[in-house]
Amino acid sequence: SFRTCMCSNSSCIFHLMMLYLSPDKHNNSPLIIYFFMKLKEIVALVEGKVICGEQNLDESVEYAFSSDLMSDVLTLRITDFLLVTGLSNIQSIRTAEMSDLKYILIVRDKKVTQDMIELADDNDMTIITTEFSMFKTSGLLYNAGLKPVY
């Protein structure tokens, strides 16, 4: 994952990445590099709280998708991504179950019900909550290097 560096060594990985991330000299557009992030890094980034699925915090995620429309989630052909949603009801867990998702990040400080926790636990899912808006959360995740699904 991408970190800022406090060292003065210009050969450290952070400094080398900054050289690589410099704008293209020909068209002045920045190069974009994506990273995998561990769930525990995501929790820290969004100042989140793990509701269930602590056993998965060392697992890595490459993609994220943000939506409150579960019908949009069901149309995706990719699995193994972080679902960012403000929908805090059993339907979001059922949709994740049908889509073979393990990681759900609920935004806007929405409360998670006991039924949601039980179903998520039964399916080895991790639920994280954050007080941040979906816009801010998505921006933080993208800026940290998670790839968008599309």
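The notes below deal with the structure included here. (Residues numbered from 1 in each chain as written. Predicted model: local features only at pLDDT ≥ 70, side-chain atom pairs only at ≥ 80, totals over all residues. Heavy atoms only, no water.)

### A closer look at the overall build of the protein chain
On a plain count of helices and strands, the protein chain comes out with 6 helices and 8 strands. Sorting the 150 residues of the protein chain into buried and exposed places 40% on the buried side. Counting only contacts in the protein chain whose residues sit at least 6 apart along the sequence, the fraction spanning at least 24 positions is 52%. Of the roughly 8,700 Å² that the protein chain leaves accessible, carbon and sulfur atoms contribute 54%. (Helix = DSSP H or I, 4+ residues; strand = E, 2+ residues; numbered from the N terminus. Buried < 20%, exposed > 50% of the residue type's maximum accessible area, 1.4 Å probe, protein only. Contact = heavy atoms within 4.5 Å. Areas by Shrake-Rupley, 256 points an atom, 1.4 Å probe, with all protein chains shown as cover.)

### Regarding helix α4 (residues 90-98)
Those residues of α4 not exposed but buried are Ser-92, Ile-93, Thr-95 and Ala-96. Across the axial projection of α4, the buried residues extend over an arc of 160°, all falling on one side. Packed against the buried residues of α4 are α3 (70-74), β6 (103-106), α5 (114-122) and β7 (126-129). Measuring from the side-chain oxygen of the N-cap residue of α4 to the backbone nitrogen of Gln-91 gives 2.9 Å; that N-cap residue is Asn-89. The first or second residue beyond α4 is Asp-100, which carries a positive phi of 60°. (Arc of directions from axis to C-beta. Polar contact = N/O pair within 3.5 Å; in protein donor to acceptor, adjacent residues only side chain to side chain.)

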